[in-house]
Amino acid sequence: MSDLAERLKAGERRALAKAITLVESTRADHREQADALLTALMPATGNALRLGISGVPGVGKSTFIEAFGLLLLALGHRVAVLTVDPSSSVSGGAILGDKTRMEKLSMDLRAFIRPSPSSGTLGGVAEKTREAMLLCEAAGYDIVIVETVGVGQSETAVAGMTDLYLLLQLPNAGDDLQAIKKGVMELADLVVINKADLDPAAAMRAQAQITSALRLLPTHAHAAPRVLQVSALKADGIAALWEAVTAQRDARQASGAWGARRREQSLAWMWERIQAGLRQAFVSHPGMAERLEAATADVRDGRTPPSTAARQLLAAFQLRSNS
């Protein structure tokens, strides 16, 4: 592992790809090796700007990320993009092919693009995305972008692992209040209206409506929310967006909110993995499979309340674990 760690810190792309494959593996021996690797690399992590990007299908996320990434490269940054695709029900692999849709960015050696299948993970964020993010930071990428699948719970997931969350919207998205009701806007640090060149009047209306709506939300009540128009295809407005990102970063770092958010995210990540580990230990514990199957049938057929079944199963698990 020491050799792989040194190669990764030296910026070797093949070593980074191998390390991400290692942390994504479900084999127990690979998990131990991944833990050792991440522990060795921790001092070299934490120095990147972590950006989350999401939006409805068709909003142009890949085109936007490519235009944004190319600007960042021109400014001297190294950019890593972790795209989380839906999983194929046949092969289990990623199906959207984001890497092929960012042709210019993927060809630049200063950029690293890694598509990963969500593998059914709730929220569309791959289980090991956080670990892949740390590996990219250790490899010297100072900006890490996480693109999530579609919308829904993915917003909560990506906002919980990044420094700033960008929500992409369309100029003619329909009822803006529907997005507000879902709580999507509450999580956004910046709202980006993409494809603004297609209908400038509609983009202007959307910008005004969303700006007004954001002021009604508790999370934005005392701050001026930023809603920007861009055309990723023409690279219009991308530079202004980067200025808005850096302004928010600088303000939060000065106030101490930046570091506090990172610490809270680390603790939340730890508890998330504890919960996942306990679930795995529960279902794999000898003797629990039969009880779980019986309890599942009782709950499904309405013979036992779900809460009662859960308490009975947990009591049985605790008894077996202590014996």
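Just above, that's the structure.
Let us look at the structure shown here. Bear in mind the structure is a predicted one, so any value in this text is a computation, not a measurement. (Residues numbered from 1 in each chain as written. Predicted model: local features only at pLDDT ≥ 70, side-chain atom pairs only at ≥ 80, totals over all residues. Heavy atoms only, no water.)

## Here we look at empty space enclosed by the protein
Enumeration according to the criterion identifies one cavity of 30 Å³ or more in this entry. For the largest cavity, the lining is made up of 11 residues, of which Glu-24, Leu-82, Ser-116, Thr-129 and Ala-132 are closest to its centre. Elements with a minimum of two residues in the lining of the largest cavity: helix 2 (13-24), strand 2 (79-85), strand 3 (111-117) and helix 6 (129-138). Sort the elements by how many residues they give to the lining of the largest cavity and strand 2 lands first, with three residues. (1 Å grid on protein atoms, 1.4 Å probe; cavity = no way out; pocket = protein on both sides within 12 Å on 5 of 7 lines; lining within 4 Å. Points joined across faces, edges and corners; volume = space filled by probe spheres on them. Helix = DSSP H or I, 4+ residues; strand = E, 2+ residues; numbered from the N terminus.)

## Details of the pattern of salt bridges
Any two side chains of opposite charge can pair, on the condition that their charged atoms come close. Taken as a whole and assessed by the stated rule, the structure comprises 18 salt bridges. Arg-27 is the salt-bridge partner of Asp-29, the closest N and O atoms lying 2.5 Å from each other. Across the pair Asp-108 and Arg-110 runs a salt bridge, and its minimum N-O distance is 2.8 Å. Look at Arg-110 and you get partly exposed, because its relative accessible area is 38%. Each member of the salt-bridge network shares a partner with another, and the members are Asp-3, Arg-7 and Glu-12. (Salt bridge = Lys/Arg side-chain N within 4 Å of Asp/Glu carboxyl O. Buried < 20%, exposed > 50% of the residue type's maximum accessible area, 1.4 Å probe, protein only.)

## Here we look at helix 3 (residues 28-41)
Taking 1.5 Å of rise per residue, the 14 residues of helix 3 would be expected to cover 20 Å, and the 20 Å separating its terminal C-alpha atoms lies within 8% of that figure. All of the buried residues in helix 3 are Arg-31, Ala-34, Leu-37, Leu-38 and Leu-41. In an axial view of helix 3, the angular spread of the buried residues amounts to 125 degrees, which keeps them on one side of the axis. Along helix 3, the residues that are exposed and aim more than 90 degrees away from the buried face are Ala-28, Glu-32 and Thr-39. The inward-facing, buried residues of helix 3 contact helix 1 (2-9), helix 2 and helix 6. (Expected span 1.5 Å × (residues − 1). Arc of directions from axis to C-beta. Contact = heavy atoms within 4.5 Å.)

## Let's talk about the side chain of Arg-262
Position of Arg-262 relative to the elements: it lies in helix 12 (residues 257-284). Judged by its relative accessible area of 13%, Arg-262 is buried. A polar contact is formed between the side chain of Arg-262 and the backbone oxygen of Ala-48, at a distance of 2.6 Å. Among the polar contacts listed, one links the side chain of Arg-262 to the side chain of Asp-163, at a separation of 2.7 Å. (Polar contact = N/O pair within 3.5 Å; in protein donor to acceptor, adjacent residues only side chain to side chain.)

## Here's the deal with the pairing of strand 5 (residues 164-169)
Buried residues dominate strand 5, accounting for six of its six residues. Burial along strand 5 is two-sided: the face carrying Leu-164, Leu-166 and Leu-168 and the face carrying Tyr-165, Leu-167 and Gln-169 are both buried. Where strand 1 (residues 49-55) and strand 5 come together, five bridges link them in parallel fashion. When the bridges of strand 5 are listed, Leu-51 appears paired with Leu-164. Here strand 5 pairs with strand 6 (residues 190-193) via four bridges, running parallel. Bridge assignment links Leu-167 to a residue of strand 6, and that residue is Val-191. (Pairing = 2+ DSSP bridges.)

## Things to note about the packing of helix 3 against helix 6
Interhelical geometry of helix 3 versus helix 6 gives an angle of 45 degrees and a closest axis separation of 10 Å. If you check the angle between helix 3 and helix 6, you find them oblique. The two elements helix 3 and helix 6 meet at a crossing, and its hand is left-handed. When helix 3 is examined against helix 6, the residues Arg-31, Leu-37, Leu-38 and Leu-41 are found in contact with a partner set consisting of Glu-131, Leu-134, Leu-135 and Ala-138. Looking at side-chain class alone, the contact of helix 3 with helix 6 contains six nonpolar, no polar and two charged residues. (Axes fitted to C-alpha atoms, helices over the stretch in contact; angles between N-to-C directions. Parallel < 35°, antiparallel > 145°, perpendicular 65-115°, else oblique. Left-handed = near helix turned anticlockwise from the far one by under 90°. Nonpolar A, V, L, I, M, F, W, Y, C, P; charged D, E, K, R; others polar.)

## So, the layout of surface pockets
Reported here for the largest pocket is a volume of approximately 350 Å³. Lining of the largest pocket is provided by 18 residues; of these, Met-42, Arg-130, Leu-134, Ser-266 and Trp-269 occupy positions nearest its centre. No other element matches helix 12, which puts five residues into the lining of the largest pocket. Here the residues of the lining of the largest pocket are counted per class, giving six nonpolar, six polar and six charged.

## A closer look at the packing of aromatic side chains
To describe a pair of aromatic rings, you give the distance between the ring centres and the angle between the ring planes. Under the criterion given, the structure shown has four aromatic pairs. Aromatic side chains Phe-64 and Phe-68 sit 5.6 Å apart centroid to centroid with 20 degrees between the ring planes, which places their arrangement in the stacked category. Here Phe-64 pairs with Phe-68, and both are found in helix 4 (residues 61-74), just four residues apart, close to one helical turn. For the pair shown, Phe-64 and Phe-68 are each scored as buried. Where Phe-282 meets Phe-317, the ring centres are 5.3 Å apart and the plane angle is 65 degrees; that geometry is what we call edge-to-face. Of the two residues, Phe-282 sits in helix 12 while Phe-317 sits in helix 14 (residues 306-322), which places them 35 residues apart along the sequence. On the accessibility criterion, Phe-282 (14% relative accessible area) is buried. Relative accessible area serves as the criterion here: at 17%, Phe-317 is assigned to the buried category. (Phe/Tyr/Trp six-rings, centres within 6.5 Å; stacked < 30°, edge-to-face > 60°.)

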